[in-house]
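Tertiary structure, described
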Protein chains: 2
Amino acid sequence: MEADSKSSRDVQSLLLADATTLAGMLAREEISSVELTTVCLQAIEHRNPQLNCYLHIDAGGAIAAAQASDARRAAGVPLSIFDGLTFAVKDNIDVAGMPTSNGLGYGAHAPRADRDAAVVAELRAAGMIPLGKLNMHEIALGATNDNYHWGRCENPLREGYTPGGSSGGSGAAVAAGLCALALGTDTMGSVRIPASYCGVAALKPGRGQWSLDGVTRLSHVLDSVGLLARSGRDLQALWKLPPVSHLPRAEEQAVLSLQTMRFAAMTLDSASDLDQEILTAFAQATSALAGQTASLEARDCIGMDFSGVRRAGLLMCEAEANVTFADELAQGQLFSLQLRKMLRWGAEQPAPALVRAQDTVQAAGEWLAQKLEGVDFLLTPTTPQAAFPFSEPAPVNQANLTSYVNMAGLAATSVPLGVTADGLPFGLQVIARAGDEQRLLAASVALENFLRATSAHTQDLENH
Amino acid sequence: MEADSKSSRDVQSLLLADATTLAGMLAREEISSVELTTVCLQAIEHRNPQLNCYLHIDAGGAIAAAQASDARRAAGVPLSIFDGLTFAVKDNIDVAGMPTSNGLGYGAHAPRADRDAAVVAELRAAGMIPLGKLNMHEIALGATNDNYHWGRCENPLREGYTPGGSSGGSGAAVAAGLCALALGTDTMGSVRIPASYCGVAALKPGRGQWSLDGVTRLSHVLDSVGLLARSGRDLQALWKLPPVSHLPRAEEQAVLSLQTMRFAAMTLDSASDLDQEILTAFAQATSALAGQTASLEARDCIGMDFSGVRRAGLLMCEAEANVTFADELAQGQLFSLQLRKMLRWGAEQPAPALVRAQDTVQAAGEWLAQKLEGVDFLLTPTTPQAAFPFSEPAPVNQANLTSYVNMAGLAATSVPLGVTADGLPFGLQVIARAGDEQRLLAASVALENFLRATSAHTQDLENH
């Protein structure tokens, strides 16, 4: 196989190319889907024992699907520009014939899904190839992916460090090049946090924009299915892939100028408990943006009761999980002791406490939605910190900047913002109205390009 | 005063004229607002001791407002076609300067509102005159208006009978001619049930259509503010009254033909526990409609778990009321023992029980919304029975046909459908999509006219 003859460096650059680049190679017949898929499966075989991002791999199904894709290309009838590219799926989203463990202790006996979740079916209808199921924080309630049953998922950028969560396997697999794209879920920040910690891009669509059919519920109101990719333009290309064969080429995507867009940046001070490096990088990025956009306003975060809102969101999840997982809880051994305790607490709260939590969450959402008044996009850092070692306790504020977006039902992306002195990445969150995802993605691509250029420029200056 | 010299029969026909008729008389200067308001206040003085529909009356404020209205008319600048007409307000909706008791045991010490609820402000801005506050079921949780603190509100059509609830005072005041229009609230059917029992018309707008600002919450998701009137055309005229002085005349309202409208009728069998007279009248009305409409389909009610859905809706209210009335509950003596027990039960349910109730309510709403597919309007009886004596226990199914509409967030009206052999009225419910209120009201007027004509025709046949 040609891929076997490639140098290790060639293979690595192939794995880490973004989906748009790979789609171009497929379109130009520089590589076949079978070759790409084989390289990916070999890399999984090689790296997954250490990274532990895949819980289930369907190598045979993937190769068969790749052969079918290559046949469509040869016949001139690809299903989309992404026909023949791989994707991997968080283990709380159904893929027909594959197990769905929700990160619980099923071992080899997780129930298998009869049919694809709606979002998986859409990617499959675009010719994409599901490789397998990905590690996650137990039932998606937590942001370290230190999974009691399945083991830790490692951050590909540093051993012993969390990839974030709850979609940690999705962040790690995309960052390590073990799939072209990954699906995750995001209830309080669970696709954006791993994107920030792993240095990749993520989209959480607005409420109701992507079907949750076939996705295990954590919180009815807060849940979104989301997408992780190695570039913002991949997210943009995938958003509503045309289902027919008259396809725009990836290169033809609209690249909007920042000059057409109105931004606001959240003013965050030390009270918001962000790492100083992230505060500085965010301030530098937003001041560099001044004059580059149609407008750039400031929004304070007065009135943000981070801890009260966090507890309210958690109670909603803990109460609802008692209903979603009623059967599984009855089986007992499927849950870690820690999660069982959390859910018992949720079960013991009186109904009016849940009413108060829902009220708090709604008010928090309305608070954030108001910040968008007069602008198109609101900027914040994605996470208050970069990835941390599993040996340290998880900071309570991991989802502080992301969870409000779910409460408001808004859409958001995370794109790489910078790297700590210690060499770990962190993200920029771009927030937009639900339904405005297309412009959000165009803005995210423009920002990604701008930040890359600015950072290169800064490095040039420092080198002089 | 001229009104004093009118015969009792003239006064009665003036009181029972609909708002549109009264507006025409004002426009033609056949009567003044001061005269109309005075007649109304005298009738209240005369009848309220028995009916007990008003808990608070602002006679002085009303006369002053009527004088101001007459001055605007004289100057040729009325604020709307309804400028100078009276309205009364359920006692869970704020009117600036008036008490808001929510039907609790405040006696003379209910807190007074600082400002008008949004919907009251709108009527006032249209020149309408608030007469006072109306009796209601305690905190709007119940449908008989047998109020422990304030006493029973009587059905004006028969002594000792319930006017329905929870907006019983609104239904009674409109039916007795003690205001031109009344505001109520509707969480499971609380404006439509009194309309059905009292033989008047009511509108419950769709979710989000009328502001709940200044309205005491019972259930965040299910609450609507609504309107009761003596005719469907009054509801139609009031819906979004033009706030400027270029006003259409009442007679110019669009009267759409039933031939342009697509209907479905709910098929209800004996299992749905409706009184036979109502089932028969509903079947006769819908079969008379055949051929008169663009289409007339049937919808079954398979899958309607009336009792499960009722319990779910009640739990939502009971849990939320613990939060809304937390301060009042701490005072103790404001609540009847029965209500206190209900709320204690709500406070003791675990949070996951509320999650299950919310899920049940959402599913019930989705179930009903699907019934509208392919048609514009869905028809059901409003209530399973006509008004009943206070001496009998309240049937548990009072809100069975109305509560699903709140769960779905849809809009609905009730217009008079028929009269039992015993002489008590019952309503026809017309359900439409939220946002489609204008067409819903046109359809309701057309149906009201059609039913009136059909019933006259039937009576003619019976007389031969």
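Note that the structure is predicted; figures quoted are calculated from it, not measured.

Thresholds, definitions, all that
Residues numbered from 1 in each chain as written. Chains lettered and ligands numbered in written order. Predicted model: local features only at pLDDT ≥ 70, side-chain atom pairs only at ≥ 80, totals over all residues. Heavy atoms only, no water. Domains from an automatic or database assignment. Buried area = accessible area lost by both parts, 1.4 Å probe. Salt bridge = Lys/Arg side-chain N within 4 Å of Asp/Glu carboxyl O. Phe/Tyr/Trp six-rings, centres within 6.5 Å; stacked < 30°, edge-to-face > 60°. Lys NZ or Arg CZ within 6 Å of the ring centre and 35° of its normal. Pairing = 2+ DSSP bridges. Helix = DSSP H or I, 4+ residues; strand = E, 2+ residues; numbered from the N terminus. Axes fitted to C-alpha atoms, helices over the stretch in contact; angles between N-to-C directions. Contact = heavy atoms within 4.5 Å. Least-squares fit on C-alpha atoms with pLDDT ≥ 70 in both. Buried < 20%, exposed > 50% of the residue type's maximum accessible area, 1.4 Å probe, protein only. Parallel < 35°, antiparallel > 145°, perpendicular 65-115°, else oblique. Nonpolar A, V, L, I, M, F, W, Y, C, P; charged D, E, K, R; others polar. Polar contact = N/O pair within 3.5 Å; in protein donor to acceptor, adjacent residues only side chain to side chain.

Let's shift gears to the domain arrangement of chain A. The extent of an interface is frequently quoted as the accessible surface area lost upon association of the parts. Residue and element names in this part refer to chain A. Taken as a whole, chain A is organised into domain 1 (2-252) and domain 2 (258-306 + 359-463). Computed over C-alpha atoms, the centres of domain 1 and domain 2 are 24 Å apart. Carbon and sulfur atoms make up 61% of the surface buried where domain 1 meets domain 2, a total of about 3,200 Å² over both sides. Area buried by domain 1 at its contact with domain 2 is led by R192, S196 and Y197, which between them contribute 20% of it. Where domain 1 packs against domain 2, one counts one salt bridge.

For the coordinates displayed, the defined rule picks out twelve aromatic pairs over all chains. Site record: aromatic cluster; members linked through ring pairs are F306, W367 and Y404 of chain A. Over the ring of Y161 of chain B we find R158 of chain B; its NZ or CZ atom is 5.5 Å from the centre of that ring.

The next subject is the sheet that holds strand 7 (residues 201-204) of chain B. Sheets are built from strands paired through backbone hydrogen bonds, the pairs being either parallel or antiparallel. Residues and elements named next belong to chain B. In space, the eleven strands of this open sheet follow the order 1-3-2-6-8-7-12-13-11-9-10, with mixed pairing throughout. Two strands lie at the open edges of the sheet, namely strand 1 (54-57) and strand 10 (295-300), each paired on one side alone. On average, each strand axis in the sheet is tilted by 30° relative to the strand beside it, whichever way the strands run. Two elements, strand 2 (residues 86-90) and strand 3 (residues 129-134), share four bridges in a ladder whose sense is parallel. Within strand 3, the position partnered with V89 by the bridge is K133. Against the sheet, helix 10 (residues 276-289) makes contact with strand 9 (262-267), strand 10, strand 11 (377-381), strand 12 (411-419) and strand 13 (425-432), and its axis sits at roughly 150° relative to strand 11, the strand it touches most. With respect to the sheet, helix 14 (residues 351-371) is in contact with strand 9, strand 10, strand 11 and strand 13, its orientation differing from that of strand 10 by roughly 150°.

Of the transformation superimposing chain B on chain A, the axial component is 0.0 Å and the angular component is 180°, with the fit at an RMSD of 0.0 Å. When the rotation and shift are considered jointly, the pair of chain copies conforms to a two-fold rotation axis. Comparing interface residues between copies, 100% of those in chain B also sit at the interface in chain A, which points to an isologous, same-surface contact.

Our focus in this paragraph is unusual backbone geometry. The linkage connecting G165 of chain A with the following residue, S166 of chain A, adopts the cis geometry, with an omega of 0°. Even without being a glycine, E29 of chain B presents a positive backbone phi close to 60°. A relative accessible area of 68% places E29 of chain B in the exposed class. Of note, A140 of chain B is a non-glycine position whose phi angle comes to about 70°, a positive value. Locating A140 of chain B in the fold gives a position in the loop between strand 3 and strand 4 (146-147). Assessed through its relative accessible area of 8%, A140 of chain B is described here as buried.

Our next topic: the packing of helix 11 (residues 306-324) of chain B against helix 13 (residues 337-348) of chain B. Relative orientation and spacing of two packed helices are given, respectively, by the angle between their axes and the distance between those axes. All names here are of chain B. Across the interface, helix 11 lies against helix 13 with an axial gap of 8 Å and an inter-helix angle of 90°. Classified by the angle between their axes, helix 11 and helix 13 sit roughly perpendicular to one another. Listed contacts from helix 13 to L315, E318, A319, A321 and N322 of helix 11 are M342, L343, W345, G346 and A347. Split by residue class, the contact of helix 11 with helix 13 holds seven nonpolar, two polar and one charged.

Across the boundary between the two partners, chain B contributes 19 residues, which contact 19 residues of chain A. Summed over both partners, the interface of chain B with chain A comes to about 1,500 Å²; 61% of that surface belongs to carbon and sulfur atoms. Summed over the three residues of chain B that lose the most area to chain A, namely V323, A351 and V355 of chain B, the buried surface amounts to 31% of that side. Viewed at the interface, chain A and chain B are joined by two salt bridges. Where chain B touches chain A, the interface holds seven residue pairs in polar contact (both at pLDDT 80 or more). Secondary-structure elements contributing two or more residues to the side of chain B that touches chain A are helix 11, helix 13 and helix 14 of chain B. Tallying contributions element by element places helix 14 of chain B first for the side of chain B that touches chain A, with eight residues. Grouping the amino acids of the side of chain B that touches chain A by side-chain chemistry returns nine nonpolar, six polar and four charged.

This part is about the pattern of salt bridges. All names here are of chain A. A complete count under the given rule lists 32 salt bridges over all chains for this structure. Close ionic contact of R72 with D83 constitutes a salt bridge, the shortest N to O distance being 2.8 Å. Taken together, the residues span a long stretch of sequence, with R72 in helix 5 (residues 59-74) and D83 in the loop between helix 5 and strand 2 (86-90) at a distance of eleven residues. The exposure class assigned to D83 is buried, which follows from its relative accessible area of 0%. Between D436 and R439 there is a salt bridge whose closest N-O contact spans 3.0 Å. Residues participating in the shared-partner salt-bridge network are R262, D376, D436 and R439.

To continue, consider the side chain of N322 of chain B. The topology assignment puts N322 of chain B in helix 11. Setting aside residues no more than four positions away along its own chain, N322 of chain B makes contact with P352 and R356 of chain A together with L329, L343, G346 and A347 of chain B.

All right, on to the packing of helix 14 (residues 351-371) of chain A against helix 11 of chain B then. Interaxial distance between helix 14 of chain A and helix 11 of chain B falls to 8 Å at its minimum, and their mutual angle equals 70°. Viewed along their axes, helix 14 of chain A and helix 11 of chain B adopt a mutual orientation that is roughly perpendicular. Across the interface between the two elements, A351, P352, V355, R356 and D359 of chain A from helix 14 of chain A touch A319, E320, N322 and V323 of chain B from helix 11 of chain B. For the contact of helix 14 of chain A with helix 11 of chain B, the per-class residue count stands at five nonpolar, one polar and three charged.

Residues and elements named next belong to chain A. Sheet architecture is open: eleven strands sit in the order 1-3-2-6-8-7-12-13-11-9-10, paired in mixed fashion. Every interior strand has two partners, whereas the edge strands, strand 1 (54-57) and strand 10 (295-299), have only one. When strand polarity is set aside, the average angle formed by the axes of neighbouring strands in this sheet is 25°. As judged from the three bridges shared by strand 2 and strand 6 (residues 181-186), these two strands associate in the parallel manner.

Residues and elements named next belong to chain A. The buried count for strand 8 (residues 224-229) comes to six of six residues, which makes it a mostly enclosed element. Burial along strand 8 is two-sided: the residues S224, G226 and L228 and V225, L227 and A229 are all buried. Bridge analysis of strand 6 against strand 8 gives six bridges, and the strand direction is antiparallel. Within the sheet, the bridge partner assigned to A182 lies in strand 8 and is L228. Note that strand 7 (residues 201-204) and strand 8 share three bridges and pair antiparallel.

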